[in-house]
Every structure is written in structure tokens, then in C-alpha cells.
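Understanding the architecture of this molecule
One-letter residues, chain by chain:
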Amino acid sequence: MYKPINPDFFNQPVLDLAPALLGQYIVHETPEGLAAARIVETEAYHGPEDRAAHSFNNRRTKRTEVMFADPGRIYTYQMHTHTLMNVVAGEEGTPHAVLIRGAEPVEGLELMQERRGWHFKIPDLTNGPGKLSKALGVTMESYGGLWYEEPLFIAPGPGLGGELKVGPRVGIQNTGEAVDYPWRFFEEGNPFVSKYR
């Protein structure tokens, strides 16, 4: 049912790719089963010029190395105990990325509940980047993979189910003017969006 999206999809500027990812599926095939969700919230990170980006000033470390690779790579990193998933964007050598912040479950809901906990309300399973990774069973092992190859991939989806909204990114204090950049994209009114403001 789900097939990886054409690699050419990722060959677009990060500020175009971030909203283009909305409405596409994120799919993870695991031994426990398949889980899929429709992306409803993303954030763009504009590399060297963006004080909120890990690659600000072309900072190149073991963690950020994959951001300098070809577009469509998987950039996972850990924040506290959570794994966060990003899509590498821009030409090779241009360290741009899109954070996948929230998605709406479409398949494998029971598996997501097992991974996250049965006590959570369904929107709370995937309405945040760390929650989403855990629900999909994504770990740091995916670092450096390709978003257009199984087992973790982006698949063509039905598109937006509501109005596209933009706003400032979440949780990036102490980044100067970058705090206010309107580089968060989300589906208006969707309960799987992590935060409205």
C-alpha cells in the first residue's frame, strides 16, 4: 500500500520542502508490524544562517555530519531521552533540514499505543517530535538512512486536510531573531499538531 516517494521530491529548498511534507505519510516497517502516520506539522532549519539550526555557522560535528549530505537523508538526534526525526534538505554541502513535529496515525494505532502507553489519549501519541518517533519505533539506528528507502520512509499521502498555517518554531529560546522566523508549518485545527501559538 505504501511506497517510498520519488527521491526528486527532496530536491527543493528547505522552506518549500517543509510545507510540502505536510499531508505525506511517514511509514516504518518493523518486526512488530507496520506503523504509518500523516504528517501535520514540520519546522524548517536554514543551516548556516539560522541561529536555531544545529549547523549554524556551518558547524560540522559527528552529530551534524549527515546534514551536509545529499537531500533526502535521515537526520536523527537525541534530545533528553527522545529521538527526533529530520529530513535533510538543500544541495549536498548545504546543511538544511526539516524537523517532523507531529503526525496523525493512519495505520498501526495499537502498536503505537503499546510503544507509548495505553493511558495516553490518541492525539498525545504523536503530537510532538519525540512522541512520534517513539510511537513509530524510530531510534538512532536510522541516522544517515534515506527517506525514500524502506524500512523508514516518506510515502505519497493525500495532502492537507485543512488550511496551511505558519508560525514561529517551538522551543528555540536564546537564538536571537531566529526565535520569530515563521518557519513552522502545520495543518489548522488538527489535534495532532504539537502546539498552537
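Described below are features of the structure shown in this document. Predicted, not measured: the structure shown is a model, and the values here were computed from it. Each chain has its residues counted from 1, following the order in which its sequence is written. Given that the model is predicted, a residue must reach a pLDDT of at least 70 before its local features are reported, and side-chain atom pairs must reach 80 or more before they are shown or counted; all residues, however, enter totals for whole chains, interfaces and linings. The basis for every side-chain value is the complete set of heavy atoms in the structure, and neither hydrogens nor water enter the calculation.

Our focus in this paragraph is the side chain of R101. Runs of E in the DSSP output that reach at least two residues are strands. Runs of H or I that reach at least four are helices, and both are numbered from the N terminus. Turning to its location among the elements, R101 is positioned in strand β5 (residues 96-107). Three exposure classes are used, based on accessible area relative to the maximum for each residue type with a 1.4 Å probe and protein chains only: buried under 20%, partly exposed in between, and exposed over 50%. Classification of R101 as buried rests on a relative accessible area of 9%. The contact criterion used is simple: two residues touch if any of their non-hydrogen atoms lie within 4.5 Å. For R101, the contacting residues outside a window of four places in its chain are E41, T42, E43, T126, N127, G128, P129, V170, R184 and S194.

Stacked, edge-to-face and tilted labels apply to pairs of Phe, Tyr and Trp rings (six-membered ring for Trp) whose centres lie within 6.5 Å, assigned for plane angles under 30 degrees, over 60, and everything in between, in that order. What the rule picks out here adds up to 6 aromatic pairs. Between F9 and F10, the ring centres sit 5.3 Å apart and the planes meet at 85°, which makes this aromatic pair edge-to-face. Residue classification places F10 among the buried positions, given a relative accessible area of 0%. Look at Y181 and W183: their rings are 4.6 Å apart centre to centre, the planes differ by 45°, and that puts the pair in the tilted class. By relative accessible area, which is 16% here, W183 ends up buried. An aromatic cluster is built from F9, F10 and Y148, whose rings are joined through pairwise contacts. Each ring is checked for a lysine NZ or an arginine CZ that lies within 6 Å of its centre and within 35 degrees of its normal; such an atom marks a charge sitting over the ring. Taking NZ or CZ as reference, R116 lies 4.1 Å from the ring centre of F120, over its face. Above the face of the Y45 ring, R169 is positioned so that its terminal group lies 4.6 Å from the ring centre.

This paragraph deals with the nonpolar core. One recurring pattern in soluble globular proteins is that nonpolar side chains are buried together. Ranked by size, the top nonpolar core spans 32 residues in total, and within it F10, I26, W147 and I154 carry the most contacts. Looking at this core element by element, the count peaks at 4 residues for strand β2 (residues 33-45). Excluding anything up to four places from it in sequence, F10 contacts I5, L17, P71, G72, V87, W147, Y148 and I154. By nonpolar core we mean a set of buried residues, namely Ala, Val, Leu, Ile, Met, Phe, Trp, Tyr and Cys, connected to one another through side-chain atoms within 4.5 Å.

Moving on: the packing of helix α2 (residues 109-116) against helix α4 (residues 129-136). For any two helices packed against each other, one specifies the inter-axial angle together with the distance between the axes. The axes used here are C-alpha line fits, helices contributing only the stretch in contact, and every angle between their N-to-C directions lies in the interval 0 to 180 degrees. Remark: α2 packs on α4, axes separated minimally by 7 Å, with the N-to-C direction vectors making an angle of 115°. Judged on the interaxial angle alone, α4 and α2 are roughly perpendicular. Like other packed secondary-structure pairs, α2 and α4 cross with a definite hand, here right-handed. Contact residues: α2 offers M112, R115 and R116, while α4 offers K131, K134, A135 and L136. In these notes the angle categories are as follows: under 35 degrees is roughly parallel, over 145 is roughly antiparallel, 65 to 115 is roughly perpendicular, and the rest is oblique. Two helices cross in a left-handed way if the nearer one is turned anticlockwise from the farther one by less than a right angle. They cross in a right-handed way if the turn is clockwise.

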